[in-house]
Each structure stands twice: as C-alpha cells, then as structure tokens.
Amino acid sequence: MSEVYDVVIIGGGPGGYNCAIRCGQLGLKTAIIEMRSTLGGTCLNVGCIPSKALLHASEYYAAAQNEFADMGIEVSGLKLNLEKMMAQKADAVKGLTEGVKFLMKKNKVTHYEGKGKIVGKGEVEVTDSEGKAQKLGAKNIVIATGSEPTTLPGIEIDEERVVTNTGALSLKEVPKKLVLIGAGVIGLEMGSVWSRLGSEVTVVEYLDHIMPGADAEISKQAQKIFKGQGLDFKLSTKVTGIEKLKTKLKVNVEPAQGGETEALDADVVIVAIGRKPYTEGLGLETVGIGTDKRGIIETTGHFKTIVEGIWAIGDCVAGPMLAHKAEDDGAAVAELIAGKAGHVNYDLVPSVVYTSPEIAWVGKTEKQLKDAGIKYKTGKFPFMANSRARTNHQTDGFVKILADATTDEVLGVHMMGIGVGEMIGEICVAMEFKAASEDIARTCHAHPTLSEAIRQAAMGVEGWTMQM
Ligand code: FAD
Ligand code: NAI
C-alpha cells in the first residue's frame, strides 16, 4: 500500500471537492479520486455551469431579438455564432474546474486521476486510464460518486441525435425540431436555451403538469409563460420509441394511460427524465453496502453507511440531487469525521430553475402543508406591481409566502420572476432564523428593487400589503 490517508474521497464533484477542502482545513490527510480528467463533477463539467453559461448567452440573444427595440436599442445584423457561444461556455467550465484543482493544492489534498474502487474496509484501489492500479489506505472513505441520467428502455443514447444533458450542452448546430422527454428542470432549462436559439421545441411529459415538486400555481403559470416563449408541451404523454431515420428521428408517443400513437418529427431528442446514483464498479459489494431499488446508497443517518468508516454524500444518497446539497453534505461529513458536529438542514435546501423568468422555492408547498394538516396564512405579491420590475418591463411572476396560522413562522416561499434565484437566499437566511412573516415585512428593503416584492408579500400575510 503506497499511502495511508485519514480520508479518501471517491468522486470529485461538488460533494467530493467541498468535502476535500473542509477536510484539508481541519488538518486531515486527504486524497480525492476522480475518473474524469477534470475535477468538478457533473456540476462543473456537464451540469450547472455549462447549462447556465448557455442560458445566460441565449437569454441575451433572445433579448436582443425581442426586447431591445422596445427600449430604444436598434440592432441590425444580429447573428448567432454557436461555435463562439459554445467556446465561452467551455471557457467558464475550464476556469472553474482549474479553480477546483487549485483549491485541492491550496488545502493540501492529493488528487488521484483514475477510477476508485473500494476493495475492503479501509482500502481503496485507484486505476488510471492506462490500467495502472495502486492501493491507498483510508481510515475513512467518503463515497461521492454522484449520479448519471436515467434512460428509457429501448431508447439508445448516441449523444449526437438522441442525447442526455451531456450531448444537449454541446450540439454542433441548432436543431430545427427538438423533442425533449421530461418537463423537469433539465427539460425546461435546455428547452429554453434551444428555443431561444431557434429550435422548434416540443416537451413530452408523462405527468399532467410540468415541474413536479414546484408549487402548483407556479407550475401552471410557468407553463403558460413558457408556451408563450415557444415551448410546446405534450402533457400526460409517454414516449414509446424513437425510430432513427437517415435524415430525421421519429418519436412515437401515446397518451400516458394508453391510446392512439402519434409520431413527432425531430432532428434531436433530449432525454431528461431524472437521474440515478452512479455506483458502477465502485465495489460496494466487497464491503456489503446495499442500495435501494433506485440505486440510492443506503445510509443510517449522518452520512454513515453500515460499515464503520465508510460514508456517503451528494447525489448518490437520498435527498435532492442538487449541487448545493452535495456541497453541504461534503462539509458536514468532513466535520463529523474530524469529531465536530456536522449538520445539514434538509428542510431548507432551496430549488431554483434558471429559466426566464426564474423559479425559486424553499420550504413547504401548499399541498404539503394541507396534507400535513398544518393551518397557514398566505401573502402574495405580483411583480406587475413592483416598481423595479415595471421599470425593467419584466413583470411576469409573483412571490407567495406561506406562514403558520398561529405562530406566523414562515413555512414556505414560492417565487417566479426575474432574479428570484438570487432572492431566495434572503428567505433561506430568514427561515434558518425561524423568522415570522412579520420579521420580513418590517425589514427595510432597498427601493427600487425586485426584493421589495418579498416584503410586500410578507405584509400580505397579515393583510397590509401597501403597494397594491
Ligand atoms: P457529481 O457532480 O456527479 O460528481 C461525482 C463525480 O464522481 C463525477 O465527476 C464522477 O466522474 C466521479 N466518479 C464516479 N464514480 C467514480 C469512481 N468510482 N472513481 C472516481 N470517480 C468517480 N444542481 C444545482 O444545484 N444547480 C443547478 O443549476 C444544476 N444544474 C444542473 C444541470 C444539469 C444539466 C445537470 C445534469 C445537473 C444539474 N444540477 C444542478 C445537479 C448537480 O450537477 C448535481 O446535484 C451535483 O453535481 C451533485 O454533486 P455530487 O458531487 O454528488 O456528484
Ligand atoms: P427531473 O426529475 O427534474 O424531471 C424529470 C421529468 O421527467 C419529470 O417531470 C418526470 O415526470 C418526467 N418523466 C419521467 N419519466 C418520464 C417518461 N418516461 N416520459 C416522459 N416524462 C417522464 O429530472 P431532470 O430534468 O432529468 O433533471 C435531473 C436532476 O438534475 C433534477 O432532478 C435536479 O436534481 C438536477 N438539476 C437541477 C437543476 C437546477 O437546480 N437548476 C438544473 C438541471 C438539473
């Protein structure tokens, strides 16, 4: 065995690299193993970062086409240079993945490039791309191997014409007709990007609504807005197969409950029906760690697996598959290993969909409160009545605050509007401190800002919204 570490982390995504940084800060001798050539995981390489780079650039392109003229900015000769747009995306990815590499060095974390496999309690084998293997000793092993796209039976992914998020973020030309399977987060974000760049987009969704998990009122309004932006939705519909013809794809769909088949033409199909934990070749069986039927690594609480000294975090364990959740898991498990009180509040992990307008929420939905028999009061404020939104001509959406009917504690906040992905941070802090809606209502917010809509919605809980 070449080296013995206090902690060996398998997987260099947001879970793994944040765990490594915190371990380094806490003085633990740490190694991180990543099989990709770059650190950063799904998030930095084929997820959050490249998707946001394309969302940002495509939003400018769409604004230049559809919004600039009304503000007195006349543009002529506007042209898409997709290669350059992809290059700026690659540049963002490169800068950030190199940044993570620097952070490993800064925190004295040893980085092994290769595939990690647990070969026994306290033992990990790393095999590099040339097949050369070496064994590392580990007082603690942290599994942070993340997730991979779920695929549909009988549908072959080639990452050229039938793609997952990986291919969807690197298409070489704008498809004329694009079919997305799944109206979840990837479906809406990628659908927005390619629709703005000129594709005719159809989103096929099995359920009768988009964005499962979001507040029902927001899901309904968002669907209308996205339809107005050119996304066509086929709800309560399932895909039964894809025929790959020479010049096009034929996507066969039928009603979710069965019925007549219809064929949709497409140049590209994006499959975005959720993700599943990635544990292939990890050697869980060598130590007897199990997974549930969705492949989620079983933990017994506080990131512990049934094997002493083996921990698991991020997308490969239960909970929302989000980068910030994985990051928080990573820091908390490092603290637990170091004998501190690592903790994550899973009730307050925010969700953001980076469409235009953005959608953001944290805490309970109305349905969850009703199902739990909790009595609540609601305050709501539309961006149409917010002065900054009006000034910017970006008035879609609203803020909805749900507060306990007796104690006034804020239990959930649901927002749709420009910039709400940034504004949700204020709510997370307030809810961490168990704020009452009145605390927010009586907190001075700068004028004119979009965040005043939050304050007005909070005032609405007690019926004293002032600006509507
Ligand atoms: P990952 O990021 O998946 O990292 C795991 C790493 O482990 C991978 O790099 C993998 O190569 C490596 N690995 C696996 N097995 C081994 C092994 N045996 N040996 C060595 N290495 C191994 N989340 C957000 O919060 N905000 C967003 O805006 C957002 N956008 C997204 C957009 C897309 C298109 C996608 C697909 C996801 C997005 N996500 C977003 C989700 C986010 O990317 C994940 O939740 C996050 O990356 C999970 O972090 P992780 O560290 O658990 O796993
Ligand atoms: P998702 O779970 O968000 O959405 C999947 C959608 O596909 C659901 O609406 C589901 O009902 C539908 N579906 C499932 N099976 C289907 C079928 N056979 N036919 C038609 N529809 C079907 O998953 P998605 O969009 O693939 O994203 C994966 C995960 O990545 C997300 O859950 C999220 O955790 C993460 N992510 C987060 C982002 C963010 O935070 N902004 C952005 C992108 C991804």
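Residues numbered from 1 in each chain as written. Chains lettered and ligands numbered in written order. Predicted model: local features only at pLDDT ≥ 70, side-chain atom pairs only at ≥ 80, totals over all residues. Heavy atoms only, no water.

Novice: How should the domain arrangement of the protein be read in this particular structure?
Specialist: A common way to state how big an interface is: give the accessible area lost once the parts meet. Taken as a whole, the protein is organised into domain 1 (3-148 + 276-347), domain 2 (162-273) and domain 3 (357-461). Measuring from the centre of the C-alpha atoms in domain 1 to the corresponding centre in domain 2 gives 28 Å. With 17 residues of domain 1 at the interface, the matching set in domain 2 holds 15 residues. Between domain 1 and domain 2, a total of about 1,200 Å² is buried, with carbon and sulfur atoms accounting for 69% of that surface. When the buried surface of domain 1 facing domain 2 is broken down by residue, Val46, Leu55 and Leu82 rank first, second and third, together holding 38% of it. (Domains from an automatic or database assignment. Contact = heavy atoms within 4.5 Å. Buried area = accessible area lost by both parts, 1.4 Å probe.)

Novice: I would appreciate a short explanation of helix α9 (residues 323-337) in the present structure.
Specialist: Helical geometry note: an α-helix holds 3.6 residues per turn, so side chains three or four residues apart project in the same direction. Here α9 spans 21 Å end to end across 15 residues, near enough to the 21 Å set by a 1.5 Å rise per residue. Residues Ala323, Lys325, Ala326, Asp329, Gly330, Ala332, Val333, Ala334, Glu335 and Ile337 constitute the buried set of α9. Close packing links the buried residues of α9 with β1 (3-10), α1 (14-25), α2 (41-46), α3 (48-66), β6 (133-143) and β17 (310-312). Gly339 occupies a position one or two residues after α9 and carries a positive phi of about 85°. (Helix = DSSP H or I, 4+ residues; strand = E, 2+ residues; numbered from the N terminus. Expected span 1.5 Å × (residues − 1). Buried < 20%, exposed > 50% of the residue type's maximum accessible area, 1.4 Å probe, protein only.)

Novice: Explain the pattern of salt bridges to me, please; I cannot follow it from the model alone.
Specialist: When the charged atoms of two side chains lie near each other, side chains of opposite charge can form a pair. Taken as a whole and assessed by the stated rule, the structure comprises 22 salt bridges. Residues Lys400 and Asp215 are paired through a salt bridge, measuring 3.0 Å at the closest nitrogen-oxygen approach. Pair noted here: Lys400 is in strand β21 (residues 398-404) and Asp215 is in the loop between β10 (200-204) and α7 (216-228), with a separation of 185 residues, a long-range link. Classification of Lys400 by relative accessible area gives buried; the value is 1%. Given a relative accessible area of 3%, Asp215 falls into the buried group. Connected through shared salt-bridge partners, Asp215, Glu217, Glu366, Lys380 and Lys400 make up one network. (Salt bridge = Lys/Arg side-chain N within 4 Å of Asp/Glu carboxyl O.)

Novice: So what exactly am I meant to see when it comes to the site of ligand 1 here?
Specialist: Close to ligand 1 lie 38 residues; Glu34, Arg36, Thr42, Lys52 and Gly116 are nearest. Cys48 is positioned such that a nitrogen or oxygen atom in its backbone is 3.5 Å from a nitrogen atom of ligand 1. At 2.6 Å, a side-chain N or O of Lys52 approaches an oxygen atom of ligand 1. Protein burial of ligand 1: of its 1,000 Å² of free accessible surface, 95% is covered by the chains. Here the element with the most residues in the shell around ligand 1 is α2; it accounts for 4 residues. Looking at the shell around ligand 1 residue by residue, the class counts come to 15 nonpolar, 17 polar and 6 charged. (Near = heavy atom within 4 Å. Polar contact = N/O pair within 3.5 Å; in protein donor to acceptor, adjacent residues only side chain to side chain. Areas by Shrake-Rupley, 256 points an atom, 1.4 Å probe, with all protein chains shown as cover. Nonpolar A, V, L, I, M, F, W, Y, C, P; charged D, E, K, R; others polar.)

Novice: Explain the sheet that holds strand β13 (residues 249-255) here, please?
Specialist: Strand pairs in the sheet, formed through backbone hydrogen bonds, run parallel or antiparallel to each other. Pairing is antiparallel across the open sheet formed by 3 strands, whose spatial order is β12-β13-β14. This sheet does not close on itself; its edge strands, each paired only once, are β12 (237-244) and β14 (262-266). Direction aside, neighbouring strands of the sheet carry axes that sit 30° apart on average. (Pairing = 2+ DSSP bridges. Axes fitted to C-alpha atoms, helices over the stretch in contact; angles between N-to-C directions.)

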